[in-house]
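Summary of the model geometry
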Amino acid sequence: MIDDLTRQVKASMGIFESREEDDVYGLLAEFSNPSTLMHAAESVRERGYSHFDTHSPFPIHGMDRAMGLGNSKVGYFTFGGGLTGLIVGYWLQWWTAAVDYPLNISGKPLFAIEPSIPIIFEVVVLFSAFGAVAGMFALNGLPRPYHPLFYSERFKKATDDGFFLHIAASDTQFDQNDTAQMLRDIGALNVELIQDDGVADA
Amino acid sequence: MKDSVQRSSLLTWLADPLQATRDTAKRAFQSTTDRRVWLAPLGIGVALLVLSAIGFAADPEQFYFSYLIGWSFSLSIAIGGLFFLFFQHLTRAEWSVVVRRIPEALVWAFPALFVLGIPILFGMHDLYHWTHEELYVEGTPEYDAILAGKRAYLNTPFWIGRVVFYFAAWTLIAYKLYTLSVRQDVDPDTDIPAQQRTVSAWGLPLAAVTTAFASYDLLMSTYPHWFSTIFGIYFFSGGFLGAVCLISVLSMSMQRGGMLKNVVTKEHYHDLGKFTFGFVVFWAYIAFSQYMLIWYGGIPEETVWYKYRMEYGWGYHSAALLLGHFIIPFILMLPRFVKRSRPILAFWSVWLLGMHWFDLHWVVAPVLNEQGGFHWLDFACWLGLFSLIVGLVMYRLSRHALVPQNDPRLAQSLRFENA
C-alpha cells in the first residue's frame, strides 16, 4: 500500500520504475520534428497512457496541453513558503527584540508591527522563493543525475536536434510489442527498447 | 495629422478631435451599438451634476470638497491610461493590442476634465487654506510662518499656471497617442509604431513629473503644512489601478453587447487581472512606505496628517482602506482562475474602482470634516463626473474601430496565450 503510493507519487514526478522481471524501463521513440512530436504526445495521451514524457532541445509551445499536464502546482509550494515566511519573520523580530534581548531605542516600543513589516515582507519573499524552487525541483523529480534513458546512444540528440517520446513500462497499458507498434503507427522514426540493468557501460 | 483623417469641428473637439472613421473599420472590429451607449452615461452624468448643483446651493464648502475628490478620481484614471499606453508602446507589447483602443479613447478625457475643473477655481478659498491672504500678514495672530515660507511655490497665480501646464502636457501627449493610432486605422503607415514609441519615450518622464506635481498641488496642498515626497507615486499607483480596472470593465461590457467576439479572450483578461493584482500590491507598497517613514520619524508636523485619519470615525475609514484596497483583494485575487473568470474579474475591477475613490476620499475629506463618514454630494459628484467621462469614452469608441486594426502586432495579440 505504502509502496504503491510511493510509486504513484514518484510517477507523478516523472520517475518511473523498471519492470522487475527483465529490467525493461520502457520504449523510446524518435520523431522527426516538433509538430510530429506534439501530435504523438496527443495520440499517446488519447490512447490512455499516463507514464510517458517528451524530450526536445527547446520548449515546444502547446506541449503541456498535448500531454495533458494541466496547471503547474508550484504555486501552492510558493504560497506555503510565503505563509511560513510570514510566521517566521514576525516571530523572529518579536522574539529577538521584545523577549530575548529587549533594548530601549529612543523610547520606541520594543516590538511594533510598523517597522517589522519590511523585514516580514522580505522573509515572505525569500521563503516564497525557496518554496517555489524546492517545489519546482520536487515536482520535476530533480536532481536526477542518473536516468535509464541515458543508456540510449540516440537519446544524446535530445539536446541537439532529436525529438523523443518515451513510454515507461510501469504504465498499466504498456505492452512491449503493441506499444512499439503503436509508436511506429503514429509516425516514430525508430523505436528503441530501454533496459535499465543498473550497470553503467563505459 | 496628415490628410488621412480629418480634424473634427471645433464644437466636437472636446469630445473627439477627429472625424469618425467607423466606416473604415473591419466588420469584426466595428462598434455595433447605437448612440444610447454614450448618451445614457452622459445623461446620468449631467443629471447627477445638476443634483450636485442643488447641493452646492445648500453647502458650497462640502460641494467643493466632494467635487475635488470626484474630479481627481477621473483625472487619476485618465493619467493611468496615459501610463498604460506608454508601457505598452515602450515594451512593444503584443498581448495588449486588442484592448489598447480603450485607454486610447480614455486619454482624450483631458480637455473635458480641464473644462470640468473650472468649479475648483471658484472653490480655491475653501479647498486650499494657503490661499487665505491674512496668513501672510506679519505681526498678526493669523500669521503662519510655515506657509509664508512656502509662499513662493504655493500662491494662486503660480498654482493656476502650473495646472494649466500639466493639462497642456497631458493633452499634447494624449493627442499624439490617440490620433496616431486612429490614423493608423485608415492609413497603415509603417512608421507609426516608431512614432508611438517616440511619443511614449518623451511622454513618460514628462507625465511622471507633471503627475507628481499635480498630486502635490491638487490634493496634498489641501493640508498645506503636511508634505510627503512619495505622494505623487501614491496618486499614480491608484490611478493606474483604476485605469486597468476600467479597461477590463469596458472591454467586458462591449463583449456583452456582442462586440469583439473572439478578439478579447480569457488570455487577455488573465493579463489584465495580473496587472490589476500587481497594482493592488504596488499601491499597498507605496501607501505603506509613506506611512512607515512618517511613523518612524515621529515628527509632529508629519504624523498629524495620520492622526486626523485615526480619530473621530476616520479610523474606521483607515481600517477599511487597508482591508478593502489591499488585504482582501490581495488574498482573493491570488489564484489563477480569478483572473481568468470574467464575472469574478469584473467584480474585483468594480470593487477596486470603488476603493480608489474611497482612497481619494480618505486623503481629502478629513481636511473638511473632523468626523468620519460620507456626504451625499461625495457620491453625486464622483459618479456624475465619472459617468460623463465614461460617456465620452464610449462616444469616441463608437466613432472608430474598436481595436487598432492595422497595428503590426495585432495578429500576435489575437492569438496570444499565457504560456
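Residues numbered from 1 in each chain as written. Chains lettered and ligands numbered in written order. Predicted model: local features only at pLDDT ≥ 70, side-chain atom pairs only at ≥ 80, totals over all residues. Heavy atoms only, no water.

Observations regarding the overall build of chain A
A tally of helices and strands in chain A yields 6 helices and 4 strands. Tracing chain A from N to C terminus, the helices and strands come up as α-β-α-β-α-α-α-β-α-β. Each of the 202 residues in chain A was classed as buried or not, and the buried ones make up 33%. When the accessible surface of chain A is totalled, it reaches about 12,200 Å², and 60% of it is carbon and sulfur. (Helix = DSSP H or I, 4+ residues; strand = E, 2+ residues; numbered from the N terminus. Buried < 20%, exposed > 50% of the residue type's maximum accessible area, 1.4 Å probe, protein only. Areas by Shrake-Rupley, 256 points an atom, 1.4 Å probe, with all protein chains shown as cover.)

So, the interface of chain B and chain A
Chain B puts 10 residues into the contact, and the matching count from chain A is 12 residues. Counting the surface lost from both chain B and chain A, the interface buries some 970 Å², and carbon and sulfur atoms represent 71% of this. Looking only at chain B, the three residues that lose the most surface to chain A are Phe-288, Trp-295 and Tyr-296 of chain B, adding up to 47% of its buried area. Linking chain B to chain A there are 1 salt bridge. Of the charged contacts, one joins Glu-417 of chain B and Arg-65 of chain A as a salt bridge, the two residues approaching to 3.2 Å between their closest N and O atoms. Here the side of chain B that touches chain A takes 6 residues from helix 12 (residues 266-297) of chain B, the largest share from any one element. The residue inventory of the side of chain B that touches chain A, partitioned by class, reads 8 nonpolar, no polar and 2 charged. (Contact = heavy atoms within 4.5 Å. Buried area = accessible area lost by both parts, 1.4 Å probe. Salt bridge = Lys/Arg side-chain N within 4 Å of Asp/Glu carboxyl O. Nonpolar A, V, L, I, M, F, W, Y, C, P; charged D, E, K, R; others polar.)

Looking at helix 2 (residues 34-46) of chain A
All names here are of chain A. Spanning 13 residues, helix 2 covers 18 Å between terminal C-alpha atoms, matching the ideal 18 Å at 1.5 Å per step. All buried positions along helix 2 are accounted for by Leu-37, Ala-40, Ala-41, Ser-43 and Val-44. Measuring from the backbone nitrogen of Ser-35 back to the side-chain oxygen at the start of helix 2 gives 3.1 Å, which picks out Asn-33 as the cap. Remark: Gly-48 follows helix 2 within two positions and exhibits a positive phi of approximately 95°. (Expected span 1.5 Å × (residues − 1). Polar contact = N/O pair within 3.5 Å; in protein donor to acceptor, adjacent residues only side chain to side chain.)

Here's the deal with helix 16 (residues 342-368) of chain B
With 27 residues, helix 16 of chain B ought to run about 39 Å at 1.5 Å a step, and its terminal C-alpha atoms sit 39 Å apart, in line with that. Along helix 16 of chain B, the largest kink reaches about 35° and is centred on Trp-362 of chain B; proline Pro-366 of chain B follows within four residues of it. (Bend = angle between axes of the 7 residues up to and from the residue.)

Considering the packing of helix 2 (residues 36-58) of chain B against helix 17 (residues 376-399) of chain B
Each pair of packed helices gets described by two things: the angle between the helix axes and the distance between those axes. Residues and elements named next belong to chain B. Following both chains from N to C, one finds helix 2 and helix 17 inclined at 155°, their axes separated by 7 Å at the closest point. In terms of axis orientation, helix 2 runs roughly antiparallel to helix 17. For the crossing formed where helix 2 meets helix 17, the hand is left-handed. Residue classes in the contact of helix 2 with helix 17 are distributed as 19 nonpolar, 7 polar and no charged. (Axes fitted to C-alpha atoms, helices over the stretch in contact; angles between N-to-C directions. Parallel < 35°, antiparallel > 145°, perpendicular 65-115°, else oblique. Left-handed = near helix turned anticlockwise from the far one by under 90°.)

What about the nonpolar core?
Counting residues in each nonpolar core, the largest one holds 133 residues, and the members touching the most others are Trp-71 and Phe-110 of chain B. Setting aside residues up to four positions removed in sequence, Phe-110 of chain B forms contacts with Leu-75, Ala-78, Ile-79, Leu-82, Phe-167, Trp-170, Thr-171 and Ala-174 of chain B. (Core = buried A, V, L, I, M, F, W, Y, C linked by side-chain atoms within 4.5 Å.)

Details of the environment of Gln-176 of chain A
All names here are of chain A. Checked against the element boundaries, Gln-176 lands in helix 6 (residues 176-185). Looking at Gln-176, the relative accessible area reads 28%, which means it is partly exposed. The sequence separation of Gln-176 and Val-24 amounts to 152 residues, and the corresponding C-alpha distance is 9.0 Å. Dropping the residues within four chain positions of it, Gln-176 is found in contact with Arg-19, Asp-22, Val-24, Leu-27 and Leu-193.

Notes on the pattern of salt bridges
It is possible for side chains bearing opposite charge to pair when their charged atoms get close. All names here are of chain B. Enumeration according to the criterion identifies 18 salt bridges over all chains in this entry. Here Arg-36 makes a salt bridge to Asp-34, at a shortest N to O gap of 2.8 Å. Here Asp-34 falls in the partly exposed class, since its relative accessible area comes to 38%. Beyond isolated ion pairs, a larger network of salt bridges with shared partners links Arg-100, Arg-101, Glu-104, Asp-185 and Asp-407.

Considerations on the packing of aromatic side chains
Residue and element names in this part refer to chain B. Counting across every chain of the model gives 64 aromatic pairs over all chains. With a centroid separation of 6.1 Å and 45° between ring planes, the pair formed by Phe-275 and Phe-279 is classed as tilted. Of this pair, Phe-275 and Phe-279 both sit in helix 12, 4 residues apart, roughly one helical turn. Here Phe-275 and Phe-279 have matching classes, each one buried. Ring plane angle 55° and centroid distance 6.3 Å describe the contact between Tyr-306 and Trp-362, whose orientation is recorded as tilted. On the criterion of sequence distance, the pair formed by Tyr-306 in helix 13 (residues 300-308) and Trp-362 in helix 16 is long-range, its members being 56 residues apart. With relative accessibility at 8%, the residue Tyr-306 sits in the buried group. Classification of Trp-362 as buried rests on a relative accessible area of 7%. (Phe/Tyr/Trp six-rings, centres within 6.5 Å; stacked < 30°, edge-to-face > 60°.)

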